[in-house]
Amino acid sequence: MRRLPARPVVAVVGATGVVGRVMLDILHERAFPAAEVVPVASARSAGRLVAYGDVPLPVKVLDEGVFDGVDLVLLDTPDDVARTWAPVAAAAGAIVVDNSAAWRMDDDVPLVCPEVNAAALEGAVKGIVASPNCTTLGVVLPLGALHLRFGLEKVVVSSYQSASGAGRGGVEELSDQVAKLAGEPGAVEALASGRARHLLPAPSAFPAPLAYNVVPRAGSLKDNGYTSEELKLVAETRKIMGLPGLALTATCVRVPTVVGHGASVWARFAAEVDLEEALACLAGAPGVELVDLPTPQLSAGRDPSFVGRVRTDLSDRHALCFFCACDNLRKGAALNAIQIAEHLLPT
Ligand SMILES: NC(=O)c1ccc[n+]([C@@H]2O[C@H](COP(=O)([O-])OP(=O)(O)OC[C@H]3O[C@@H](n4cnc5c(N)ncnc54)[C@H](OP(=O)(O)O)[C@@H]3O)[C@@H](O)[C@H]2O)c1
């Protein structure tokens, strides 16, 4: 695997999106040693300015030539854009860290959560590294640590995913629905009687109104009845943990939070699980913070996967239950990609 120069020129593609904005913030916060930061987005954003610390930077349009002289490309765009442009950037000599799902399951592209499988970076023969899905990241941090001690065999996850997981459009749709209902006299009665759904415009970012609701279908529905988010969680967890046969099933649910994905996790292990040992293992796990009540609000704007409600299964001494919450824009996307890039800097 190639390494970055000590002071790389960094392009953030998708810099106007919810992940891209946080990417710029975290690059600045962590004093990533960038010689220059180049924000890039679509032609829709031509002429816009985005903030890098206190400095407003003009957005460049994604086009041939935008990667000239760039050492690191952080891609925060839809899958189709990343599929097309990651090889272009790599051919221009940059190392690419992609936050989309376009390259995650490619055999020649490592899928990396550095606390769990940093060694996989050596396999980046295409010059492209993929960062996992936001729900996957929050869950593999505790599971990775528990697996080393007890030997993971089976996992059942139910997610509670925030609106920002669906990008800028998701946040805007939730915000519009909340504002509409807040301005409506008798909104509580309308919600209680079912009339509220007639007060809202047809949803587009989500398959049902999200405000004051829970939508048990995050991602697009596939032929086998699972959603794209559920299938990502299964395939990506197996790849990151190097456990291709891991039994895992997921139900991904959208909830009306703005930032922070929660997940209820049941995990079964080869070894019997001692609760105190499991807690000690989680307390020492990199990227994990043990707390009493790991809510999405607690996680928003912060780096760890917060883990709590840890208990052994009352009817199975090999199984553990816990809840975790993780900022989907930080560790679930931007922070993880930057941590990957930090591993590629000269030591
Ligand atoms: N949101 C999350 O929690 C999360 C977590 C992990 C991974 N991801 C992944 O990260 C990626 C970005 O997600 P997001 O939530 O930040 O989405 P978003 O808020 O919708 O932002 C999308 C970004 O991509 C840019 N873009 C779209 N089409 C483009 C094109 N043809 N050429 C150049 N730029 C283009 C947009 O630029 P314009 O403003 O110019 O349209 C915008 O900057 C997605 O692949 C997503 O699946 C998201």
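Source: prediction; values computed, not measured. Along each chain, numbering runs from 1 in the same order as the chain's sequence is written. Restriction of local features to residues with pLDDT of at least 70 applies here, the model being predicted, together with a cutoff of 80 or more for giving and counting side-chain atom pairs; totals for whole chains, interfaces and linings are based on all residues.

Asker: Break down the overall build of the protein for me, citing the residues and quoting the values.
Answerer: A run of H or I in DSSP counts as a helix once it spans at least four residues, and a run of E counts as a strand once it spans at least two, with each numbered from the N terminus. Scanning the protein for helices and strands turns up eleven helices and 14 strands. In this description the radius of gyration comes from C-alpha coordinates, and the expected globular size is given by 2.2 Å times residues to the power 0.38. In terms of overall dimensions, the protein is globule-like: its C-alpha atoms have a radius of gyration of 21 Å, near the 20 Å expected for 347 residues. Within the protein, the proportion of its 347 residues that are buried is 46%. Contact between two residues is assigned when their C-beta atoms, built from the backbone, lie within 7 Å. Considering only intrachain contacts with a sequence separation of at least 6, the fraction spanning at least 24 residues in the protein is 68%. In this scheme the burial state of a residue depends on its C-beta neighbours within 10 Å: 20 or more other such atoms mean buried, 12 or fewer mean exposed, and anything in between means partly exposed; the C-beta positions come from the backbone.

Asker: Give me the domain arrangement of the protein: which residues, what numbers.
Answerer: Domain delimitation in this document rests on an assignment produced automatically or drawn from a domain database. Per the domain assignment, the segments of the protein are domain 1 (9–132 + 333–343), domain 2 (136–162 + 215–328) and domain 3 (168–199). Measuring from the centre of the C-alpha atoms in domain 2 to the corresponding centre in domain 3 gives 31 Å.

Asker: Could you give me a rundown of the nonpolar core, with the residues and numbers involved?
Answerer: Remark: nonpolar core denotes a set of buried Ala, Val, Leu, Ile, Met, Phe, Trp, Tyr and Cys residues whose joining runs through C-beta atoms within 7 Å. Of all hydrophobic cores here, the largest spans 93 residues; its most connected members are Val 12, Val 13, Met 23, Val 73, Leu 74 and Ala 334. Looking at this core, the element that brings in the most residues is helix α4 (residues 134–150), giving nine residues. Viewed by domain, this core spans two of them, domain 1 (9–132 + 333–343) and domain 2 (136–162 + 215–328), each represented by three or more residues. Aside from chain neighbours lying at most four places away, what touches Ala 334 is Val 19, Val 22, Met 23, Ile 26 and Leu 329. Ranked by size, the runner-up nonpolar core spans six residues in total, among them Ala 163, Ala 166, Leu 174 and Ala 211.

Asker: Lay out the sheet that holds strand β10 (residues 247–254) in plain terms, naming residues and giving numbers.
Answerer: Two strands make a pair as long as DSSP finds a minimum of two bridges between them. The sheet built from six strands is open, its strands ordered β10-β9-β11-β14-β13-β12 with mixed pairing. Each having just a single partner strand, β10 and β12 (288–290) make up the two edges of the open sheet. Each strand of the sheet is rotated relative to its neighbour by a mean of 25°, with strand direction disregarded. Sheet contacts for α4: β9 (152–161), β10, β11 (261–269), β12, β13 (305–313) and β14 (316–326); angle to β11, the most-contacted strand, approximately 25°. Relative to the sheet, helix α9 (residues 275–283) contacts β12, β13 and β14, its axis offset from that of β13 by approximately 170°. With axes taken as lines fitted to C-alpha atoms, and helix axes fitted only over the stretch in contact, angles between N-to-C directions fall between 0 and 180 degrees.

Asker: Tell me about the packing of α4 against helix α11 (residues 330–343), and name the residues and values.
Answerer: As a packed pair, α4 and α11 sit with axes 8 Å apart at the nearest point and diverge in direction by 85°. Considered as vectors, α4 and α11 are oriented roughly perpendicular to each other. The segment α4 lies against α11, with Cys 134, Leu 137 and Gly 138 engaging Lys 331, Gly 332, Ala 333 and Asn 336. Of the residues that constitute the contact of α4 with α11, the class distribution is three nonpolar, three polar and one charged. Oblique is the label for any angle not covered by the other classes, which are roughly parallel (under 35 degrees), roughly antiparallel (over 145) and roughly perpendicular (65 to 115). Basically, the charged four are Asp, Glu, Lys and Arg, the nonpolar ten are Ala, Val, Leu, Ile, Met, Phe, Trp, Tyr, Cys and Pro, and anything else, Gly included, counts as polar.

Asker: So, the packing of α4 against α9: which residues are in play, and what are the values?
Answerer: Packing of α4 against α9 leaves a shortest axis separation of 9 Å and a crossing angle of 130°. If you check the angle between α4 and α9, you find them oblique. Considering the relative orientation of α4 and α9, their crossing is right-handed. Across from Pro 142, Ala 145, Leu 146 and Arg 149 in α4, the residues of α9 making contact are Glu 277, Ala 278, Cys 281 and Leu 282. Here a crossing is called left-handed whenever its near helix is offset anticlockwise from the far helix by less than a right angle, and right-handed whenever the offset is clockwise.

Asker: Which residues make up the environment of Arg 309, and what values go with them?
Answerer: With respect to the secondary-structure elements, Arg 309 resides in strand β13. For the pair formed by Arg 309 and Val 291, sequence separation is 18 residues and the distance between their alpha carbons is 8.3 Å. Not counting residues up to four positions away in its chain, the partners in contact with Arg 309 are Phe 322 and Phe 323.

Asker: Quick one: what's the story with the site of the ligand, residue by residue and with numbers?
Answerer: Should the C-beta atom of a residue, placed from the backbone, lie within 6 Å of a molecule or strand, that residue is near it. The ligand sits among 30 residues. The nearest are Gly 17, Val 19, Ser 42, Ser 100 and Gly 167. For the shell around the ligand, the secondary-structure elements that each account for two or more residues are α1 (18–29), α2 (79–91), α5 (167–182) and α11.

Asker: Could you give an account of the pairing of β11, naming the residues involved and the relevant values?
Answerer: The sheet contact formed by β9 and β11 spans eight bridges and is antiparallel. Among the inter-strand pairings, Ser 159 is bridged to a residue of β11, identified as Ala 263. As defined by bridge partners, β11 adjoins β14 across eight bridges and the pair is classed as antiparallel. Opposite Trp 266, over in β14, you have Cys 321 as the bridge partner.

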